[in-house]
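What follows is each chain in one-letter form.
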Amino acid sequence: MARILAVGIATLDIINQVDVYPPEDSEVRALAQRRVRGGNATNSLVVLSQLGHDCAWAGVLVDEPDAAPILAELDRYRIDYSHCRRLARGKMPTSYILHSRATGSRSIVHYRDLPEYDLEHFRRIDLETFDWVHFEGRNPEETEGMLRHLRTQRPDLAVSIEIEKPRPGIERLFPHADLLLFARDYAWAQGYADAAALLRGVAAQAPERDLVCAWGEAGAWALDRDGGEHHSPAFVPPRLVDTLGAGDTFNAAVIDARLHGEDWSASLTRACRVAGAKCGREGLHGVNCDD
């Protein structure tokens with residue numbers, strides 16, 4: 001068991017399931033509705049907790065009713081949130097999600113009116129207690145400060161960064177990570193048509209780093225720090241039920257595999273298998289090492 005810290009956000013997700021995605025300017029009836037905790041960092045922690053790790057979250061919490069279901073789920077998975085920045089006023093980030101039963105896909109409208117987690121609060125964390133720190137690639141200026149502080153305090157500590165979207169200055173974070181986890185949306189925004197091309201393009205900006213990119217139904221690719229390329233096919237479930245959180249599940253499974261000392265081929269295969277199994281069920285509950 002490793003002790004893992006993730007820095008990022010938690011959200012309240014309001015998920016409406018519909019038969020098919022509705023056209024613009026239409027009215028449809030939801031088949032079901034769920035209100036659950038979301039957010040990339042905390043999603044990955046929920047998966048890592050189920051894979052047997054001791055997890056902690058550093059983010060921003062507000063003293064308001066929508067925080068209650070978020071805290072309840074963190075408590076359920078024994079995720080420590082004592083390192084969070086606590087605010088008396090504000091609104092927890094909220095994602096309004098349409099989940100299509102026909103395809104299993106989801107579309108998200110995200111509302112956020114909350115400051116990001118900052119370097120001041122990160123400096124208060126005792127990094128000596130952790131084996132791995134995972135960052136959402138957001139708020140690059142403050143995150144770069146956190147990474148510099150971490151490298152000063154614990155140069156040996158394993159660091160991963162999720163690069164999901166093209167944010168101004170996000171590339172500044174690349175040299176500070178041991179492992180960079182790229183999403184397909186970032187690759188497309190940079191003009192890359194496939195994962196392998198993205199990883200080869202990024203390698204010059206982040207030499208001697210491990211690079212990974214998941215590409216949905218095509219599987220996932222890795223370019224290791226020695227220049228070796230690896231690929232795993234996707235493991236598509238018999239019925240596609242819910243893709244929400246699949247990328248966060250994949251990232252968590254990669255981290256878990258690396259902590260267990262698996263080579264890159266095995267790490268990618270395990271991560272694709274776990275993420276595929278998640279897509280065959282609703283939510284993130286029920287993840288295990290045998291998926």
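Quick note: structure is the one above.
Residues numbered from 1 in each chain as written. Predicted model: local features only at pLDDT ≥ 70, side-chain atom pairs only at ≥ 80, totals over all residues. Heavy atoms only, no water.

*Asks:* What am I meant to see in the sheet that holds strand β14 (residues 229–232) here?
*Replies:* Backbone hydrogen bonds are what pair the strands of a sheet, in a parallel or an antiparallel way. Ordered in space as β4-β1-β9-β10-β11-β12-β13-β14, the eight strands form an open sheet in which the pairing is mixed. Every other strand in the sheet has two partners, leaving β4 (54–58) and β14 as the edge strands with one partner each. Ignoring which end each strand starts from, the neighbouring axes of this sheet average 15° apart. (Pairing = 2+ DSSP bridges. Helix = DSSP H or I, 4+ residues; strand = E, 2+ residues; numbered from the N terminus. Axes fitted to C-alpha atoms, helices over the stretch in contact; angles between N-to-C directions.)

*Asks:* I would appreciate a short explanation of a nonpolar patch on the surface in the present structure.
*Replies:* Together, Tyr-96, Val-109 and Tyr-111 make up an exposed nonpolar region whose accessible area comes to about 320 Å². Mapped onto the elements, Tyr-96 comes out in strand β7 (residues 91–100). You can call Tyr-96 partly exposed: its relative accessible area is 43%. (Patch = residues over 30% accessible without salt bridge, like charges linked within 9 Å, V, L, I, M, F, W, Y side chains within 5 Å. Areas by Shrake-Rupley, 256 points an atom, 1.4 Å probe, with all protein chains shown as cover. Salt bridge = Lys/Arg side-chain N within 4 Å of Asp/Glu carboxyl O. Buried < 20%, exposed > 50% of the residue type's maximum accessible area, 1.4 Å probe, protein only.)

*Asks:* Help me understand the pairing of β7, please; the structure alone is not making it clear to me.
*Replies:* Each regular strand shows side chains that alternate between the opposite faces of the sheet. Most of β7 sits inside the fold, with seven of its ten residues counted as buried. Where strand β2 (residues 11–18) lies against β7, seven bridges are found, and the strand directions are parallel. Paired with Gln-17 across the bridge in β7 is His-99. By the bridge criterion, seven bridges tie β7 to strand β8 (residues 106–113) in an arrangement that is antiparallel. The partner of Tyr-96 across the bridge, within β8, is Val-109. In sequence, β7 turns back onto β8 through a hairpin of five residues, with Gly-104 there showing a positive phi of about 80°.

*Asks:* What is the right way to read helix α8 (residues 264–279) from this model?
*Replies:* Think of an α-helix as turning once every 3.6 residues; residues three or four places apart then point the same way. Its 16 residues place the ends of α8 22 Å apart at the C-alpha level, agreeing with the 22 Å of an ideal helix rising 1.5 Å per residue. Those residues of α8 that fall on the buried side of the exposure criterion are Trp-264, Ser-267, Leu-268, Arg-270, Ala-271, Cys-272, Val-274, Ala-275, Gly-276, Lys-278 and Cys-279. Along its buried surface, α8 packs onto β11 (179–182), β12 (210–214), β13 (220–223), β14 and α7 (246–259). Of the residues flanking the start of α8, the one acting as N-cap is Asp-263, its side-chain oxygen 3.3 Å from the backbone nitrogen of Ser-265. (Expected span 1.5 Å × (residues − 1). Contact = heavy atoms within 4.5 Å. Polar contact = N/O pair within 3.5 Å; in protein donor to acceptor, adjacent residues only side chain to side chain.)

*Asks:* Help me understand the pairing of β13, please; the structure alone is not making it clear to me.
*Replies:* In this sheet, β13 lies alongside β12 in antiparallel orientation, the contact comprising four bridges. Following the sheet pairing, Leu-211 is matched in β13 by Leu-223. Taking the residues that link successive antiparallel strands as the turn, the β12-β13 hairpin has five residues, and the phi of Gly-216 there is positive, at about 55°. By the bridge criterion, four bridges tie β13 to β14 in an arrangement that is antiparallel. Residue pairing for β14: Leu-223 is matched across the bridge by Glu-229.

*Asks:* What exactly am I supposed to notice about the pattern of salt bridges here?
*Replies:* Pairing between side chains becomes possible if they bear opposite charge and their charged atoms approach one another. Using the criterion set out here, one finds 23 salt bridges in the structure. Of the charged contacts in the structure, one is a salt bridge between Asp-66 and Lys-91, with a shortest N-O distance of 2.6 Å. In this pair, Asp-66 sits in the loop between β5 (60–62) and α2 (67–76) while Lys-91 sits in strand β7, placing the two residues 25 residues apart along the sequence. The class of Lys-91 is partly exposed, set by a relative accessible area of 32%. Where Glu-144 meets Arg-172, a salt bridge forms, and the shortest distance between an N and an O atom there is 2.7 Å. Taken together, the positions of Glu-144 in helix α4 (residues 140–153) and Arg-172 in the loop between β10 (158–163) and β11 put the pair 28 residues apart, joining distant regions of the chain. Accessibility expressed as a relative area gives 40% for Arg-172, which makes it partly exposed.

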